[in-house]
Amino acid sequence: MSHALAPLPRRTAALAPVLPLVAVVALPALPSAGDGAGPADAVSALVVVYCVIRLLRERRRPLSPAAAVVLGLPVVGLAFAVMGTSSTAGGLTGPGRYLQVFVLVPAAVLVLLRHRADLRVLAWSFVGLALWQGAVGVHQYVTRTGASYQGETIRAVGTFGAQDVMGMAAAVSLGLVCAVGIALGRTPVRQRAVAVGCALALLLPLAVSFSRGAWIATVLTCSVQLVLAGLRRALWTAAAVVAAGAVLVGGLGVGTAQLQERLDSITQVADTPDQSVVDRYTLWASATGMWRAHPLTGVGLKNFPEHRDAHADLALSSGSDIEGAGEAFHKQALLSPHNMYLLVLSEQGLIGLLALAGSWLALLVCGLRRLLRARRHGRGLDCGLIACGLLIWSLTDFVYGDIGGPSTVLTAMGLGLAAWWALADDERVEAACREEAAVRVEEAVAR
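Here the structure is a predicted model, which is why all the values come from computation and not from measurement.

Chemist: Hey, could you run me through the overall build of the protein in this one?
Modeler: What the protein contains, in helices and strands, is 18 helices and four strands. Sorting the 447 residues of the protein into buried and exposed places 50% on the buried side. Taking the intrachain contacts of the protein between residues at least 6 apart in sequence as the baseline, contacts between residues at least 24 apart amount to 80%. Of the roughly 19600 Å² that the protein leaves accessible, carbon and sulfur atoms contribute 66%.

Structure, rendered in C-alpha cells:
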C-alpha cells in the first residue's frame, strides 16, 4: 500500500512550480470589478516574488544570457520614456504595467516551467478559462443580458463586463489557439479529440463577441498553425472547422443580421466605415502625429490622453458608449490609440518601439526555429504550436488593441509560454522531461 502511494508526492512536487501560474490564468474567471488591475494581476506579482525566492533558495542562474537580453530589451525604451513623463503617477504606473506584461511575468514563466508537461497544463488552463467565459458570453447573448451593441444588449463579454468588451474575446481566442495547437500535435488521440471538441465549442462565443480584431487574429493564427503542423495532418481539422461553421450559421441561425453586418464591416473600413472605425483611424493619426513631434523618445508614458486632442481632427467622437452587462449608460473616454505599436511609438518613440518589437521578433524567430526542429523529431510539436500560436495571436491583435484591463494578464502569460518555448535551455528541459517520464513509469508500475 505504501509503495502504491509513493509516487504521488513526487507527482505533486513536480506540479508545484506550475500551480501558481495556473492560478494566474484561472483568476480572470472571477467577475471583473473595473477596467484596472484585478486579482490575477496581484497574484502575478506574487508569482514573481515566489520565483525570486525560489531562485535564491536553489542558488541557480535565473536566465540564460540570450533570454536576459531578449526579455530585457523593453526596459531600454521604458528608461527613455520615463524621463519624458510629465506626471509622477504616470512615471510609476506606466513602467509597472509594461514591466509586468513584457518582462517580469514572462521571465517568471520561463523560470518556473520545467518541461513540456507543465506547458500543456497551462494550455489546458487557457482552454478551461475560455470555455467558462464562452459559456457566460453565450448565455448573455441568448438572454440579452450582455453589453450594448447597436441598441441591443447582446454582445458577449463574459465576466469582464462592458468596461472591457475585448476581455472575453481575448480569453476565448487564446483558449481556441491552445486547443488547436493540442489537436494538431502528437498527443494521445483522446486528448486531441477533446481539444477538437473544445475548439469547435469556442467558435460560437467568439462569434457573438462581435470583436473584429479577435476574429482576424484568430483566423490568421489558426491558419498559420495549420501550415506549421503540416498540410496533410491539418486537413481533417480544417474540414471540421468548415463543418462547424456551416452548422452554426445555417443550422443554428447564428448568422444574425448584426453578425453579418459586423463581418461585412471588415471589408468596408475604407468605403463606409462606422463610427468606431472612424475613431480608431483618428486615434491612429493622432498617435503618428505625436511621434512626428517627438520621434526618438515619444511624448512620455501615460501622456497619450494629454496630447491626443492636439493631434486629432474633429471626426473623433467624445467617447465610446458603455451600457449593459450590469453597467448603466455612460461614455468611456478614448485614452489610447487601440493599437499597441502606435501606442508605444507615440509614448516611447522609435527607441521604445524598436526595443519592444525587437524582443517580440526574437521570440518569434527562435520559437519558429525550435518548432521546425520539433516537427522533424516528433517531440513537443503541440507545445510549439501552442506557444508560437499565442505569440502570433498577440502580435496580430496588437494591431487592433493594446494592453489594459483585467484580461491583460493573459497576454503576459501567453508571452511567457512563448518565451519558454523559444528561450528555455534544451538540456535542462530534456532532463526534466526524462525525470517526468520516470515518475510516470513508477506510477504505472505502482498501479
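Chemist: Which parts of the structure should I look at to understand the packing of helix α7 (residues 116-143) against helix α8 (residues 167-184)?
Modeler: Two quantities define a packed helix pair, namely the angle between the axes and the distance from one axis to the other. Between α7 and α8, the shortest axis-to-axis distance is 8 Å and the interhelical angle comes to 135 degrees. Considering the angle they form, α7 stands oblique to α8. In this structure, α7 meets α8 at a crossing whose hand is left-handed. In this structure, α7 contributes Ala 123, Trp 124, Phe 126, Val 127, Leu 129, Ala 130, Gln 133, Gly 134 and Gly 137 to the contact, and α8 contributes Met 168, Ala 171, Val 172, Leu 174, Gly 175, Cys 178, Ala 179 and Ile 182.

Chemist: I tried to follow the packing of aromatic side chains on my own but got confused; where do I start?
Modeler: Within a pair of aromatic rings, the relevant descriptors are the distance that separates the centres and the angle that separates the planes. This structure, assessed with the given rule, holds nine aromatic pairs. Summarising the aromatic geometry, the rings of Trp 360 and Phe 398 are spaced 5.2 Å apart at their centres and angled 35 degrees between planes, so their arrangement reads as tilted. Of this pair, Trp 360 sits in helix α15 (residues 340-377) while Phe 398 is found in the loop between α16 (381-397) and α17 (408-423), placing the two residues 38 residues apart along the sequence. You can call Trp 360 buried: its relative accessible area is 4%. Among the residues examined, Phe 398 registers a relative accessible area of 3% and is labelled buried. Through a chain of ring-to-ring contacts, the aromatic side chains of Tyr 98, Phe 102, Tyr 341, Trp 360 and Phe 398 assemble into a single cluster. It is Arg 370 that lies over the ring of Trp 420; its NZ or CZ is 5.5 Å from the centre.

Chemist: Whenever I open this one, the packing of α15 against α17 confuses me. Can you help?
Modeler: As a packed pair, α15 and α17 sit with axes 8 Å apart at the nearest point and diverge in direction by 60 degrees. With respect to α17, the element α15 is oriented oblique. Where α15 crosses over α17, the handedness of that crossing is left-handed. When α15 is examined against α17, the residues Leu 363, Cys 366, Gly 367, Arg 370, Leu 371 and Ala 374 are found in contact with a partner set consisting of Ala 419, Trp 420, Trp 421, Ala 422 and Leu 423. Taken together, the residues that form the contact of α15 with α17 break down as nine nonpolar, one polar and one charged.

Chemist: Any chance you could explain helix α13 (residues 275-293) here in plain terms?
Modeler: Every α-helix carries 3.6 residues per turn, so stepping three or four residues along brings you back to the same face. Its 19 residues give α13 an end-to-end C-alpha distance of 27 Å, which sits within 8% of 27 Å, the value for a rise of 1.5 Å per residue. Among the structural elements, α10 (212-229), α14 (304-311) and α15 are those in contact with the buried residues of α13.

Chemist: Explain the environment of Ser 320 to me, please; I cannot follow it from the model alone.
Modeler: With respect to the helices and strands, the residue Ser 320 is situated in strand β3 (residues 320-324). Relative accessible area serves as the criterion here: at 27%, Ser 320 is assigned to the partly exposed category. Separated by 13 residues in the primary sequence, Ser 320 and Ala 333 place their C-alpha atoms 6.7 Å from one another.

Chemist: What is the right way to look at the side chain of Ser 286 in this model?
Modeler: Assignment of secondary structure puts Ser 286 in helix α13. Once residues lying within four places of it in the same chain are set aside, the contact partners of Ser 286 are Phe 304, His 307, Arg 308, His 311 and Ala 312.

Chemist: Sorry, what's going on with the nonpolar core here?
Modeler: One broad trend across soluble globular proteins is that nonpolar side chains are buried collectively. Counting 116 residues, the largest nonpolar core has Leu 21, Tyr 98, Phe 102, Leu 113, Leu 122, Met 340 and Met 413 as its most contacted members. Tallying contributions element by element places α8 first for this core, with 14 residues. Sequence-distant contacts of Phe 102, defined by excluding residues within four places in its chain, comprise Leu 71, Pro 74, Met 340, Leu 356, Trp 360, Phe 398, Ile 403 and Leu 415.

Conventions we followed
- Residues numbered from 1 in each chain as written.
- Predicted model: local features only at pLDDT ≥ 70, side-chain atom pairs only at ≥ 80, totals over all residues.
- Heavy atoms only, no water.
- Helix = DSSP H or I, 4+ residues; strand = E, 2+ residues; numbered from the N terminus.
- Buried < 20%, exposed > 50% of the residue type's maximum accessible area, 1.4 Å probe, protein only.
- Contact = heavy atoms within 4.5 Å.
- Areas by Shrake-Rupley, 256 points an atom, 1.4 Å probe, with all protein chains shown as cover.
- Axes fitted to C-alpha atoms, helices over the stretch in contact; angles between N-to-C directions.
- Parallel < 35°, antiparallel > 145°, perpendicular 65-115°, else oblique.
- Left-handed = near helix turned anticlockwise from the far one by under 90°.
- Phe/Tyr/Trp six-rings, centres within 6.5 Å; stacked < 30°, edge-to-face > 60°.
- Lys NZ or Arg CZ within 6 Å of the ring centre and 35° of its normal.
- Nonpolar A, V, L, I, M, F, W, Y, C, P; charged D, E, K, R; others polar.
- Expected span 1.5 Å × (residues − 1).
- Core = buried A, V, L, I, M, F, W, Y, C linked by side-chain atoms within 4.5 Å.

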